[in-house]
Amino acid sequence: MRQVGDVFPRADLRRRAKACVRGLLGPVSRKNGWQLAEYAGWRRPDGQQHLLDRAKWDVDELRDRVRRYALDGLADSVGGVLVIDETGFAKKGETSVGVARQFTGSLGGVFPCQIGVFAAWATTRGATLVDREIYLPQVWTGDRERCAAAQVPETVGFATKPRLAEKMIDRILPELPENTWLAADEVYGRDGGFRSFAESRQLPYVVNVSSAQTVLPRPGWRRIDKLAAAADDSEWQLIEAGPSQTGSRWWQWWVRRIADPQEPVGSAVRGQPWPSRWMIARRRPETPDDLDYYLAWGPSGTPPEHLAHVAGARWRVEDAIKLGKHQCGLADYEVRHWHGWYRHITLSMLAAAFLAVQAATGDADAPAPLREALSGDELDEEPKGGSTRTSSAPNSSSPTPRPRSASSLRSSTRHPHPNTVGPPTDCGGHAGDDITRPTPTGTIADAGLANSP
């Protein structure tokens, strides 16, 4: 809180922000404005609502501080993987920003929901969310009156999820270590523009694609599933894709280097230092007919083990989102407006980053509830979040660090930044679509906050 305190320009805002983050970390059943206020010992949620709604502070600056805190706190000698994914937040009504009937894998189908696109940073020491964007469907961006009512800036238009991901990557890229890789699921991997974007930034990647993805331009375009099906059993390698909460992830991998579609076979790629591309298939030994497919691009000497580790890192963002939702109130907000969503999500990201960094540093002095949250033993059970200590970054087989132009590169040695946070947004428990007002208990869960304003 000292590192981010000056983001809040007033003392009362700093106290409210501290109480909010402590509540997000505390044993509160549903971390909305009313229950956070009760946990802090306040009679009403007006202070929490003001923090998320009308108060003047810079939420984008807070986002940047959370990112630096996570990059420094989870740094290791190997590097890491930047993972892109989205998640759904079930919401009712029609006035909350971005709510529409849309598909979300996290809810398991098409539901009225909001969708957030997230970037997570994963290393051998842990993983946490470092950036976020809300996805606005065309039914929203095509109705400017509706957008104005939800306080969506006039400059915001329709953008697909890959375009939102590119926006976040451009913000994060200058601060990433040189040997960072990118991982993303099929929503992003099947988008050729997204892959070209990563290549133009010299950011190596391993991304999921569909079974109908075409590769090998000569003698003609061929589907990746047909090529993998024709592979001999001797071409499949058993490689560990990184540990999980229940053990190691051992899969069989088929990795084949392919030519660039724009270049003659065997030639280097114009303007690109890394001509190597791969198509990858993955299967479990016990279910050989159930395959996943990937495209990869990176340094020529990258071994298959490294590619498998990067592909395995994609699951880390799901752990990070689960930690945020189950332990830090990521999905418990009751805000309708654009800026309220960004403020709540960013404060939850701060709380989750704290847990991840504490887990990485092995803080023996952490209170018992915090140690329990960091234990990770029950991460796969619905009631609990947990630590993000699964390994996803590559190990000693890490390839040569990628070059970066002087104009786009900041020093990879980051120094702790003092304090901070970003532009106004809205909130308010009274404004939510699905408000729940807890019955006052008369007790304060944290005696340390009993005298907070």
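One can find the structure itself at the top, above this paragraph.
The structure contained in this document is the topic of the report that follows. All of these numbers come straight from a predicted model, not from anything done at the bench. (Residues numbered from 1 in each chain as written. Predicted model: local features only at pLDDT ≥ 70, side-chain atom pairs only at ≥ 80, totals over all residues. Heavy atoms only, no water.)

## Side note on the overall build of the protein
Note the threshold: Going along the chain from the N terminus, every DSSP run of H or I of four or more residues is numbered as a helix, and every run of E of two or more is numbered as a strand. Burial here depends on accessible area, computed with a 1.4 Å probe over protein chains only, as a share of the maximum for the residue type. Under 20% is buried, over 50% is exposed, and the range in between is partly exposed. Values of accessible area rely on a 1.4 Å probe in the Shrake-Rupley scheme; residue burial ignores everything except the protein chains shown.
On a plain count of helices and strands, the protein comes out with 13 helices and twelve strands. Relative to its full complement of 453 residues, the protein shows a buried share of 56%. Summed over all atoms, the accessible surface of the protein reaches about 19100 Å², with 49% contributed by carbon and sulfur.

## Points about the layout of surface pockets
We apply this condition: Cavity and pocket criteria rest on a 1 Å grid covering protein atoms alone: a 1.4 Å probe that fits but cannot get out defines a cavity, protein on both sides within 12 Å along at least 5 of 7 lines defines an open pocket, and an atom within 4 Å of a point defines a lining residue. Grid points are joined across faces, edges and corners, and a volume is the space filled by probe spheres set on the points. Only Asp, Glu, Lys and Arg are considered charged in this grouping, and only Ala, Val, Leu, Ile, Met, Phe, Trp, Tyr, Cys and Pro are considered nonpolar; every other residue, Gly among them, is considered polar.
In this model, the second largest pocket occupies a volume close to 790 Å³. Along the walls of the second largest pocket sit 34 residues, with Glu 86, Thr 87, Thr 104, Gly 105 and Ser 106 positioned nearest its centre. Of all the secondary-structure elements, those providing two or more residues to the lining of the second largest pocket are strand E1 (81-90), strand E2 (100-104), helix H8 (186-189), strand E6 (205-209), strand E12 (287-298) and helix H11 (304-327). Of the residues assigned to the lining of the second largest pocket, the class counts are eleven nonpolar, nine polar and 14 charged.

## Notes on the packing of helix H1 (residues 11-25) against helix H12 (residues 338-361)
Note the threshold: With axes taken as lines fitted to C-alpha atoms, and helix axes fitted only over the stretch in contact, angles between N-to-C directions fall between 0 and 180 degrees. If an angle is under 35 degrees, it is roughly parallel; if it is over 145, roughly antiparallel; if it lies from 65 to 115, roughly perpendicular; otherwise it is oblique. If you view the pair so one helix is near and one far, a crossing is left-handed when the near helix is turned anticlockwise from the far one by less than a right angle, and right-handed when it is turned clockwise. Contacts are assigned to residue pairs that have any heavy atoms within 4.5 Å of one another.
Viewed as axis vectors pointing N to C, H1 and H12 meet at an angle of 60°, and their least axial separation amounts to 9 Å. Put simply, H1 runs oblique to H12. Viewed along their axes, H1 and H12 form a crossing whose handedness is right-handed. Touching Cys 20, Val 21, Leu 24 and Leu 25 of H1 are His 344, Leu 347, Ser 348, Leu 350, Ala 351, Phe 354 and Leu 355, all from H12. Residue composition of the contact of H1 with H12, by class: nine nonpolar, two polar and no charged.

## With respect to the pairing of E12
How we decide: Two strands qualify as a pair provided DSSP detects at least 2 bridges between them.
Here five bridges tie E6 to E12, and the two strands are oriented antiparallel to one another. Across the sheet, residue Val 207 finds its bridge partner in E12, namely Leu 295. Of the pairings in the sheet, the one linking strand E11 (residues 276-284) to E12 comprises nine bridges and is antiparallel in character. The residue of E12 that forms the bridge with Arg 282 is Asp 292. From the end of E11 to the start of E12, which pair antiparallel, there are two residues.

## Section: H11
Cut-off, in case you're wondering: The length a helix should cover is 1.5 Å for every residue beyond the first.
The end-to-end C-alpha distance of H11, which contains 24 residues, comes to 35 Å, matching closely the 34 Å that a straight helix rising 1.5 Å per residue would cover. The element H11 is extensively covered by neighbouring structure, given that 18 of its 24 residues are classed as buried. Looking at the residues trailing H11, positive phi occurs at Gly 329, about 65°.

## Description of unusual backbone geometry
In this structure, Gln 151 takes a positive phi of about 60° despite not being glycine. Mapped onto the elements, Gln 151 comes out in the loop between helix H6 (144-149) and helix H7 (161-172).

## A look at the pairing of E2
Residues Ala 100, Gln 102 and Thr 104 of E2 are buried on one face, while the alternating residues Arg 101 and Phe 103, pointing to the opposite face, are not. Direction of pairing for E2 relative to strand E3 (residues 109-123): antiparallel, over a ladder of five bridges. Each bridged residue has a counterpart across the sheet, and for Phe 103 the counterpart in E3 is Val 110. Linkage of E2 to E3, two consecutive antiparallel strands, is achieved through a turn of four residues, within which Gly 108 is found at a positive phi near 80°.

## A closer look at the nonpolar core
In plain terms, the rule: The definition of a nonpolar core used throughout is a set of buried Ala, Val, Leu, Ile, Met, Phe, Trp, Tyr and Cys residues joined through side-chain atoms within 4.5 Å.
If you look at the biggest cluster of nonpolar residues, it comprises 100 residues, and the most contacted ones within it are Trp 57, Ile 84 and Leu 347. Here this core gets 13 residues from one element, more than from any other, and that element is H12. Val 209, Leu 216, Ala 231 and Trp 236 belong to the second-largest nonpolar core, a separate cluster that totals 15 residues.

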